[in-house]
Amino acid sequence: MNKQPIGIFDSGIGGTSIWKEIHAILPYENMIYLADSKNAPYGPKGKEAIIELSIKNTDYLIKQNCKLIVVACNTATTNAIDYLRANYKIPFIGIEPAIKPAVLHSKTHTVGILATKGTLSSELFHKTSNLFASQAEIIEQNGNGIVELIEGGKLYSEEMNALLKLYLNPMVDANIDYLVLGCTHYPYLLPQLLKILPKHVKIIDSGEAVARQTKAILEKHDLLNSQTKLAETKFYTNGNPEIMASLLAENNKVSYLDF
Ligand code: DGL
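What counts as what
Residues numbered from 1 in each chain as written. Predicted model: local features only at pLDDT ≥ 70, side-chain atom pairs only at ≥ 80, totals over all residues. Heavy atoms only, no water. Near = heavy atom within 4 Å. Polar contact = N/O pair within 3.5 Å; in protein donor to acceptor, adjacent residues only side chain to side chain. Areas by Shrake-Rupley, 256 points an atom, 1.4 Å probe, with all protein chains shown as cover. Pairing = 2+ DSSP bridges. Helix = DSSP H or I, 4+ residues; strand = E, 2+ residues; numbered from the N terminus. Contact = heavy atoms within 4.5 Å. Axes fitted to C-alpha atoms, helices over the stretch in contact; angles between N-to-C directions. Core = buried A, V, L, I, M, F, W, Y, C linked by side-chain atoms within 4.5 Å. Buried < 20%, exposed > 50% of the residue type's maximum accessible area, 1.4 Å probe, protein only. Disulfide = S-S within 2.5 Å. Parallel < 35°, antiparallel > 145°, perpendicular 65-115°, else oblique. Left-handed = near helix turned anticlockwise from the far one by under 90°. Nonpolar A, V, L, I, M, F, W, Y, C, P; charged D, E, K, R; others polar. Right-handed = clockwise from strand over helix to strand, strands pointing away.

Participant: Looking at this structure, how should I read the site of the ligand?
Facilitator: Lining the immediate surroundings of the ligand are 13 residues, of which Ser11, Tyr42, Gly43, Thr75 and Thr184 lie closest. Separating an oxygen atom of the ligand from a backbone N or O atom of Gly43 is a distance of 2.7 Å. Between the ligand and Asn74 there is a distance of 2.8 Å, counted from an oxygen atom to a backbone nitrogen or oxygen. Alone, the ligand offers 300 Å² of accessible surface; in the complex the protein occludes 99% of this.

Participant: I keep staring at the sheet that holds strand E3 (residues 68-71) and nothing clicks. Help me out?
Facilitator: The strands making up a sheet are joined through hydrogen bonds of the backbone, oriented either antiparallel or parallel. With parallel pairing, 6 strands are arranged side by side in an open sheet as E4-E3-E1-E2-E9-E10. Among the strands making up the open sheet, the edge pair consists of strand E4 (92-93) and strand E10 (254-256). Direction of pairing for strand E9 (residues 233-237) relative to E10: parallel, over a ladder of 3 bridges. Counted as the bridge partner of Tyr236 is Ser255 from E10. Along the sheet, helix H10 (residues 207-220) contacts strand E1 (6-10), E3 and E4; its crossing angle with E3, the most-contacted strand, is approximately 165°.

Participant: I would appreciate a short explanation of the nonpolar core in the present structure.
Facilitator: One broad rule of soluble globular proteins: the nonpolar side chains tend to lie buried together. With 50 residues, the main nonpolar core has Ile8, Val70, Ile146, Leu168, Leu179 and Leu189 as its most contacted residues. No other element matches the 6 residues that helix H8 (residues 158-173) contributes to this core. Other than its neighbours up to four places away in sequence, Ile146 contacts Leu114, Met160, Leu163, Leu164, Tyr167, Tyr186 and Leu189. One finds Ile32, Leu53, Leu257 and Phe259 within the second-largest nonpolar core, a separate group that totals 23 residues.

Participant: Help me out: how do you make sense of the state of the cysteines in this one?
Facilitator: By definition, a disulfide is the covalent link that joins the sulfur atoms of two cysteine residues. Under the definition given, this model contains 0 disulfides. Not part of a disulfide, Cys66 finds its nearest cysteine sulfur in Cys73, a span of 17 Å. Exposure remark for Cys66: the relative accessible area of 5% places this residue in the buried category. Cys183 provides the cysteine sulfur closest to Cys73, a residue in no disulfide bond, and the two sulfurs are 6.7 Å apart.

Participant: Got a minute to help me understand the side chain of Ser17 in this structure?
Facilitator: Inspection of the secondary structure puts Ser17 in helix H1 (residues 16-25). In this structure Ser17 comes out as buried when scored by relative accessible area, which is 9%. Residues contacting Ser17, with those up to four places away along its chain left out, are Thr184, Pro187 and Tyr188.

Participant: How do you make sense of the packing of H1 against H10 when you look at a structure like this?
Facilitator: For any two helices packed against each other, the geometry comes down to the angle between their axes and how far apart the axes lie. Taken N-terminus to C-terminus, the directions of H1 and H10 make an angle of 45°; their axes are 8 Å apart at the nearest point. The orientation of H1 with respect to H10, classified from their angle, is oblique. When the axes of H1 and H10 are compared, the crossing they make is right-handed. Contacts between H1 and H10 pair Ile18, Glu21, Ile22 and Ile25 from the former with Gly207, Glu208, Val210, Ala211, Arg212, Thr214 and Lys215 from the latter. Among the residues forming the contact of H1 with H10, the class breakdown is 5 nonpolar, 2 polar and 4 charged.

Participant: What exactly am I supposed to notice about H1 here?
Facilitator: In an α-helix, one turn spans 3.6 residues; hence positions three or four apart end up facing the same way. What H1 keeps buried is the set Thr16, Ser17, Ile18, Trp19 and Ile22. Elements that come into contact with the buried residues of H1 comprise E1, strand E2 (31-35), E3, H10, E9 and helix H11 (241-245).

Participant: Help me understand the pairing of E3, please; the structure alone is not making it clear to me.
Facilitator: Every regular strand shows the same layout, with side chains that alternate between the two sheet faces. Side chains of E3 alternate between two faces, with Leu68 and Val70 and Ile69 and Val71 buried alike. Where E1 lies against E3, 4 bridges are found, and the strand directions are parallel. When the bridges of E3 are listed, Phe9 appears paired with Val71. Judged from the 2 bridges that link them, E3 and E4 form a sheet pairing that is parallel. Bridge pairing in E4 places Val70 opposite Ile93. Once the chain exits E3 it traverses helix H3 (residues 74-87) before rejoining the sheet at E4, and the crossover so formed is right-handed.

Here's what the structure looks like:
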């Protein structure tokens, strides 16, 4: 059982930011990464459509004999993970925006969150943000268009820079001291974000926490791979493999797969 791969899926290539965190602390785990880029972005789609797509991705990963699935997408987690956990036997790890640490550490009691429409409008997100609403002002911003630019290979474009300024400047004016990245595509924006945001604004995401949780759940279910040779990850996309490969180190091969 323990040699079985971990399955990871995202609406596209952004979840590779989570894969990097998992691979860093679980280097002996084989993994299969599915980027559903053909259907990206998930953000503007309704809950039903997001559940349907999550089922499709999960079924493929289960056919590949995965022992655990990481939903490396805030939008799919906040809309579909309850359904997945109720309908499949294997463990699922999800990712949600890191509102809690941001609110707890904020000195200006004002935090910004950049996420997709699907995440911001989900019940799960509302539940969490309501828990902390009395402790800080939470400024929500829909990152409409960002995922499309990253999926289109325009990570470092002028268009991206203009969009980020449009979304972030009002938050800075409102005196945020924390920016929560609520989408797994966004950690790739870090170089641009550091240029746009004043130095005192801290940027946080949930990648490391997801990796730690993945390890803890594998341990709990006795599913860790006992091998001590570096494991391999198979990367599949139903979009453009070259764009996906540009986010990864050269030794990682990305294949096209029509799923
Ligand atoms: N990476 C996905 C997330 O974390 C992007 C969602 C989308 O496709 O809109 O939400």
